[in-house]
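Here is what each chain is made of, one letter per residue.
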Amino acid sequence: MAYPGPPRRASGLLRYILVAVAVVGSLVYFRNSAQSAAYRNPYKPAIPSAPGVQVPQPQNPEVVAHPIDTLIAAAGDTFDDLLKKESHDLNAAAAEYRRRRGRHPPPGFDTWFKFAQENGAVMVEDFFDQIYHDLGPFWGLPPANMRKEAWDYEMVINIRRQNATAGSDWFWTQMWLELTQTIQHLLPDMDIPVNAMDEPRVVVPWEHINEYMRIERASRKMPPPSEVISEYQGLPEPGEGDLGTETRSKEWEDVHPFWDIATRGCHPDSLARKAESMDDFSHTPSISLAHTTAHTYRGYVSNYSLSTDFCHQPDLQSLHGMMIQPLSVSTTRILAPLFGGSKLPTNNEILLPAPMYWANEERFSGGDEHGAPWYKKLDKVIWRGVATGGRNEEDNWKGFQRHRFVAMTNSTQVSLAESWSQIPVNWAMPTSQYNLAAQQENRLGEWVNEWSDTGFVDLMCSPAEENGTCSYTSPYYDVVPGVKMAEQFQSKYLPDIDGNSFSGRYRGFLLSTSLPIKATIFREWHDSRLVPWKHFVPMDNRFMDFYGIMQYFLGYEGEGIKIAGHDRQARRIAEAGQDWANKVLRREDMQIYVLRLLLEYARLGDDRRDYMGYVGDLL
């Protein structure tokens, strides 16, 4: 199907017809939207979050800076404020813990702090917020239930007498086991159930989590130091403890679309819970900025954590493969301990550093090669990957995020849409809000061709076809040669797009000399350590802002318009991100994080947990 032609060439009558069609189309779209963008969402994003960027109001309204300039400046202030919170001694760290958490630190906190200091950690209490977000609801479960359901899970790391073992040889389990063994001499007895699937598995209804958190808040207290217990209990061998406690049935679910499961973790009054669920993904998805206002500033992401939260973005149910048809689904609504490498904002797993981060595997990290200096790099965007994001099929692939990104960065497809020769089947042309010079000159496709190098190395057809091709997507995508991670670092700009779950390349991108541009709906252990627009560039999950981001950094020079780029700002973010990643995302930082996490987890599983803590600084 082809467009009738660009409207600027139309005759008077045809022009009016086209305008009328556009108006009717807009009315139909907005009528079918799940909710009005003006709806005030009472759902507040759960902590932890990436440090928030407070956007200042311009002092002189006649001089309006580019929104990205404003966001970069605000990010610098946010980062400076974060560094002011650093603790330099044990007493200060313990005092900040009590102020922030409302409890005594866990037993072993002094040993943990010494280990962190010896390993050169930057000690900011905010960096560990994810732990308390993950573990908070478990104060609502009896310790015996936690212990029994931990050792009674299908894949477990067991720690007894400072020795960590695992009965499974699954490669992810073995990577996590290796990490745990490096700190086992500092750990009490416990059992750590781990999720071996790409996708997270626990989504407890918001109403239940709210009740668990009410119990957690009510349980906060700091007993007098003389009453505090400073040692953990020992545990019997796995399979021998708490035999009188019943393991609850998890009633594992396999439901598609996954949106119906994921959104039960949203506030009952959230847009996601109130929106009508979709079940037909065979058509071109509606792509609009209507639900982005809560997390953007003049079209660009200003609240990164909120941008990853779909509870106020009902349109994401048709714009992300995880919400349409994950590769595998086995989910429970029962709160039970389960550790994993990533999760959605509404999931209830306990986050560990992803196993590929710990293993530092070359295909995810680039190995020892982190890229040439900035001035030697190509002014290009590069992305290579498999057409994952879930199980793409003939009647649903148009809603998958990787397919959308590759299509909209393909200059041929952009030019065809721009000339009204072909309607985009799974993406949308950018809105006028981004004021793209190339679009104004009808050269958007040509401009994209100057800097974009993106493509699939395998179309991941379902069922699989030969040579990575796919009968229903091959008309739109070519299979292109792969590019090793280290070679990708020759380009300045590295988009990072979700796959079946989070993208395992993110840490490698941050450690490189290139600039990561990140869009995701997943949470990871390190999120509260990174400041968007200071250490990386955040991108909305619709990707409509991507062209504007690239115009800001690369600039534009066309037939009648010239816009200066901001290469220096791109270099500064890339260098700041790499420098900071080398300070807070090291393997040592993973050890420090996991040690703190497991000390807290062991306290939760102890029958005496309300009276346990570290009080050495108070005696």
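See the structure printed just above.
Computed from a predicted structure; not experimentally measured. Every residue gets a number counted from 1 within its own chain, in the order that chain's sequence is written. Note on the predicted model: pLDDT of at least 70 is required for a residue's local features to be given, and 80 or more for side-chain atom pairs to be given and counted; whole-chain, interface and lining totals, by contrast, use all residues. Here the side-chain values reflect all heavy atoms present in the structure, with hydrogen atoms and water set aside.

Digging into the overall build of the protein
Then step 1. By definition, any uninterrupted DSSP run of H or I lasting at least four residues is a helix, any uninterrupted run of E lasting at least two residues is a strand, and each is numbered from the N terminus. Summing up its helical and strand segments, the protein has 23 helices and 14 strands in all.
Then step 2. Radius of gyration (C-alpha) of the protein: 25 Å, near the 25 Å computed for a compact globule of 619 residues.
Then step 3. With respect to the three principal axes, the spread of C-alpha positions in the protein is 85 × 50 × 45 Å.
Then step 4. Exposure categories follow from relative accessible area, calculated using a 1.4 Å probe and restricted to protein chains: below 20% of the type maximum is buried, above 50% is exposed, and the middle band is partly exposed. In the protein, which comprises 619 residues, the proportion classed as buried is 58%.
Then step 5. Contacts are assigned to residue pairs that have any heavy atoms within 4.5 Å of one another. For the protein, restricting intrachain contacts to residue pairs at least 6 apart in sequence, the fraction spanning at least 24 positions comes to 78%.
Then step 6. The Shrake-Rupley method, run with a 1.4 Å probe, gives the accessible areas here. Residue values count only the displayed protein chains as cover. Total accessible area on the protein stands at roughly 25300 Å², and carbon and sulfur atoms take up 50% of it.
Then step 7. The charged-residue count follows a simple rule in which Lys and Arg add positive charge and Asp and Glu add negative charge, with His and chain termini not counted at all. Charge positions are represented by NZ for Lys, CZ for Arg, CG for Asp and CD for Glu. Each charge class in the protein was averaged separately, 61 positive and 79 negative side chains, and the resulting centres sit 4 Å apart. The atom set for the radius of gyration is the C-alpha atoms, and the globule formula is 2.2 Å times the number of residues raised to the power 0.38.

Describing the state of the cysteines
Then step 1. Criterion for a disulfide: a pair of cysteine sulfur atoms at a distance within 2.5 Å. Going through the model one piece at a time under the given rule, you end up with 2 disulfides.
Then step 2. Disulfide partner of cysteine 266: cysteine 311, at an S-S distance of 2.0 Å. Disulfide cysteine 266-cysteine 311: torsion about the S-S bond near -80°, hence left-handed. Here cysteine 266, found in the loop between α9 (259–262) and α10 (271–274), pairs with cysteine 311, found in the loop between α11 (304–307) and α12 (321–324); they are 45 residues apart in sequence, far enough to count as distant.
Then step 3. Classification of cysteine 311 as buried rests on a relative accessible area of 0%.
Then step 4. Disulfides within the protein link the bonded cysteines, taken in sequence order, as 1-2, 3-4.

Notes on the environment of valine 122
Then step 1. In this structure, valine 122 sits in the loop between α4 (109–118) and α5 (129–135).
Then step 2. On the accessibility criterion, valine 122 (15% relative accessible area) is buried.
Then step 3. Once residues lying within four places of it in the same chain are set aside, the contact partners of valine 122 are Glu86, Phe127, Trp580, Lys583 and Val584.

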